[in-house]
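So you can see what is in the structure, the chains are spelled out below.
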Amino acid sequence: MLKLHNTLTGKDEEFHPLEEGVVRFYTCGPTVYDYAHVGNFRTFVFQDLLRRYLKYLNYRVIHVMNITDVDDKTIHNAREQGMSLKDYTAKYTSAFLEDSKTLRIDPPDIMPRATEHIAEMVGLIKSLGEKGFSYQKDGSIYFSIARDPDYGKLSKADFSGAQSGARVDTDKYDKENARDFVLWKAKKEGEDFWETEIGPGRPGWHIECSAMSMKYLGETFDIHCGGVDLIFPHHENEIAQSESATGKPFVRYWVHPEFLIVEGEKMSKSLGNYFTLRDLLAKGHSPESIRYLLLSVHYRKQLNFTNDGLRQAQASIQRLEDFALRAKEKAGPGEPSASFAEEVNAARQRFIEAMDDDLNTSAALAAVFDFVRATYQKQNALSGGDARLASEFIEEIDGVLNILRPQPELLDEEIAAQIEARQAARKRKDFAEADRIRQWLASKGIQLEDTRDGVRWKRGS
Ligand SMILES: [Zn+2]
């Protein structure tokens, strides 16, 4: 049973989605004002891992990730570069998507852009006004935190003493400066704005995520994820706006990956240890080693991102690839031995238990490498069926981790061997094994057809 640490309750909780078998999952996407740095990508790689693991557990996942293409920073930088907001953010949106692909992060199912959802934001702000949670001042609209007795429940801070009517216009501020925050910013000279029924202006950052997540996932959904730096004020404000407007719980599980430090220090441009993904690739690091290092430490622990760590990550991947390749070469038809099948099951069980424990990736990887080591030691004693099972187990695990470099497609002889193994399984009435082989071949794009003259196969789905 999967357990996730829920920031809202401060506890590890068993995960049960609202609708059986379906997970509605929202992640705060990038603010596209610059290239994303490696700390940002720790969060995005973690989200990809969580999503893959949920799928591994047979959930259907509906993943929404927004693109923040209008906020203080995007407007500021676009102006500085003399570009339109649209052109400026288009450039960094495509850079982000390219980088994500490089790190083998699956694209979300739905990727709404803030500038395309102004009407939804205006609707939400209007409804907050009608319910008395907001007020206007000089053409801007503010959320009144004094009207929301729950305010502070995510960040575990008491804001009851906050001065009523004191306001903050910037999107980012700390707890000490908590004030009524801005939902709608009045039109300003030289800034992009929209003419709307609540007046000319542009949305605050926080309302963007409330409007887009609820549009695509409903008023209450399962998981909301973002870096720890978003707990306050961004996620606190998302809760305040959404729950005040709907009167319903907004999100059931809040999941927050920790920060990353570089060579023991906080990453900063002034220290010269600030890296975008592109910087790291230019230094010759492989995307897989970066991905591996980012996901190898439990997401709620601080990760020290170092050159040494990247080298070790590369060595670990190499070890796993060598193992997978040898197993594949040795793989043949025939039934795996019962004792080896049991070892694979035990390794799988350990992997699942670790991942179920709030995605404890370091323990999950230890389970995999213990299996690899033990299997290496007796590789000469392994039958073709054993090797096939080992190879498939590594592939299964990699469906979650996604760190092994893609292998060339199956050779005709390999397909023939699999079909032979499947026929043998059917003959001894082991239909589960026969099905498993068929599915495995299908996952490689090989379709089988049973005919009176035997089994035919073709490539392509
Ligand atoms: Zn957000």
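Residues numbered from 1 in each chain as written. Predicted model: local features only at pLDDT ≥ 70, side-chain atom pairs only at ≥ 80, totals over all residues. Heavy atoms only, no water.

J.: Teacher, can you tell me more about the overall build of the chain here?
T.: Within the chain, the secondary structure is distributed over 14 helices and 16 strands. Along the three orthogonal principal directions, the C-alpha set of the chain runs to about 80 × 45 × 40 Å. Per-residue burial for the chain yields a buried fraction of 52% across its 461 residues. Put simply, 75% of the contacts in the chain that link residues at least 6 apart link residues at least 24 apart. For the chain, the accessible area works out to roughly 21100 Å², and carbon and sulfur atoms hold 48% of it. Side-chain charges in the chain split into 62 positive and 73 negative, and the spacing between the mean points of these groups amounts to 2 Å. (Helix = DSSP H or I, 4+ residues; strand = E, 2+ residues; numbered from the N terminus. Buried < 20%, exposed > 50% of the residue type's maximum accessible area, 1.4 Å probe, protein only. Contact = heavy atoms within 4.5 Å. Areas by Shrake-Rupley, 256 points an atom, 1.4 Å probe, with all protein chains shown as cover. Lys, Arg positive; Asp, Glu negative; His and termini not counted. Charge placed at Lys NZ, Arg CZ, Asp CG, Glu CD.)

J.: In this structure, what is going on with the coordination of the zinc ion? I would like to understand it.
T.: Four donors placed tetrahedrally about a metal ideally form angles of 109.5 degrees, and six donors placed octahedrally ideally form angles of 90 or 180 degrees. Within the first shell, the zinc ion binds the protein through C28 (SG), C209 (SG) and H234 (NE2), at distances of 2.0 to 2.2 Å. Written as a sequence motif, the donor residues of the zinc ion are C-x180-C-x24-H. One end of the pair, C209, is in helix α5 (residues 205-217); the other, H234, is in helix α6 (residues 231-246), and 25 residues separate them in sequence. In this structure, C209 and H234 share a single accessibility class: buried. (Donors = N, O, S within 2.8 Å, 3.2 Å for Na, K, Ca; no water.)

J.: Quick question: what am I supposed to make of the sheet that holds strand β12 (residues 260-262) here?
T.: In a beta sheet, neighbouring strands are held together by backbone hydrogen bonds and run either parallel or antiparallel to one another. The strand order β13-β12-β14 describes an open sheet built from three strands, whose pairing is mixed. Whereas interior strands pair on both sides, the edge strands pair on one side only; in this sheet they are β13 (265-266) and β14 (303-305). (Pairing = 2+ DSSP bridges.)

J.: Explain the sheet that holds strand β3 (residues 22-27) here, please?
T.: With parallel pairing, the four strands of this open sheet are ordered in space as β4-β3-β10-β11. Of all the strands in the sheet, just β4 (60-65) and β11 (251-255) have a single pairing partner and so form its edges. Across this sheet, the average inter-strand angle for adjacent strands is 25°, counted without regard to direction. Bridge analysis of β3 against strand β10 (residues 221-225) gives three bridges, and the strand direction is parallel. Its bridge partner lying in β10, T27 is registered against C225. Running at roughly 160° to β3, α5 makes contact with β3, β4 and β10 of the sheet. (Axes fitted to C-alpha atoms, helices over the stretch in contact; angles between N-to-C directions.)

J.: What should I look at first to understand the environment of F232 in this one?
T.: By the element assignment, F232 lies in helix α6. Put simply, F232 and D148 are 84 residues apart on the chain and 16 Å apart in space, counted from C-alpha to C-alpha. Those residues within four positions of F232 in sequence are excluded, and the remaining contacts are Y151, S155, F159, Y173, D174, K175 and A178.

J.: I keep staring at unusual backbone geometry and nothing clicks. Help me out?
T.: The phi angle of most residues is negative, glycine excepted, and most peptide bonds adopt the trans form. Following F232, the chain continues to P233 via a peptide bond in cis, the omega torsion being 0°. Structurally, P233 is set in helix α6. Unusually for a residue other than glycine, K156 sits at a positive phi of about 55°. Of note, K156 is situated in the loop between β6 (140-143) and β7 (167-168). With phi around 45°, E263 is a residue other than glycine that occupies positive phi space. With respect to the secondary-structure elements, E263 resides in the loop between β12 and β13.

J.: I tried to follow the nonpolar core on my own but got confused; where do I start?
T.: Across soluble globular proteins, nonpolar side chains show a tendency to be buried alongside one another. Membership of the largest hydrophobic core comes to 121 residues, with the highest contact counts inside it found for I223, F305, L359, F371 and I394. The element that contributes the greatest number of residues to this core is helix α1 (residues 38-56), accounting for nine residues. Setting aside residues no more than four positions away along its own chain, F305 makes contact with V38, L260, I261, V262, E263, L280, I290, L293, L294 and L310. Of all hydrophobic cores here, the second largest spans nine residues; its members include L410, I419, I446 and L448. (Core = buried A, V, L, I, M, F, W, Y, C linked by side-chain atoms within 4.5 Å.)

J.: Looking at this structure, I do not really get the packing of aromatic side chains. What am I missing?
T.: When we look at a pair of aromatic rings, we describe it by the centre distance and by the angle of the planes. A full pass over the atoms with the stated rule returns 24 aromatic pairs. Measuring from centroid to centroid gives 5.8 Å for F41 and F96, while their planes differ by 10°, and the two rings are stacked. You can see F41 sitting in helix α1 and its partner F96 sitting in helix α3 (residues 85-102), a full 55 residues away along the chain. For the pair shown, F41 and F96 are each scored as buried. Ring centres of Y173 and F232 lie 5.8 Å apart, and the angle between their planes is 85°; on these two criteria the pair is classed as edge-to-face. Of this pair, Y173 sits in the loop between β7 and β8 (180-186) while F232 sits in helix α6; the two residues are 59 residues apart in sequence, bridging distant segments of the chain. Under the relative-accessibility criterion, F232 is labelled buried at 11%. Taken together, the aromatic side chains of F133, F143, Y151, F159, Y173, F181 and F232 make up a single cluster linked through ring pairs. Over the face of the ring belonging to F193 we find K187, whose NZ or CZ atom lies 4.4 Å from the ring centre. Sitting over the face of the ring of Y274, K269 holds its NZ or CZ atom 4.8 Å from the ring centroid. (Phe/Tyr/Trp six-rings, centres within 6.5 Å; stacked < 30°, edge-to-face > 60°. Lys NZ or Arg CZ within 6 Å of the ring centre and 35° of its normal.)

J.: For this particular structure, what's the right way to read α1?
T.: Taking 1.5 Å per residue, 19 residues should reach 27 Å; α1 reaches 26 Å between its end C-alpha atoms and fits that length. Where burial is concerned, most of α1 is hidden: 16 out of the 19 residues are buried. (Expected span 1.5 Å × (residues − 1).)

J.: Where do I start with empty space enclosed by the protein in this structure?
T.: In total, this model carries one cavity of 30 Å³ or more according to the counting rule given. By volume, the largest cavity amounts to about 60 Å³. For the largest cavity, the full set of lining residues is R42, F46, L49, L294, L295, V297, Y299, L359 and T361. Elements that contribute at least two residues to the lining of the largest cavity include exactly α1 and α8 (287-296). Looking at the lining of the largest cavity element by element, the count peaks at three residues for α1. By residue class, the composition of the lining of the largest cavity is seven nonpolar, one polar and one charged. (1 Å grid on protein atoms, 1.4 Å probe; cavity = no way out; pocket = protein on both sides within 12 Å on 5 of 7 lines; lining within 4 Å. Points joined across faces, edges and corners; volume = space filled by probe spheres on them. Nonpolar A, V, L, I, M, F, W, Y, C, P; charged D, E, K, R; others polar.)

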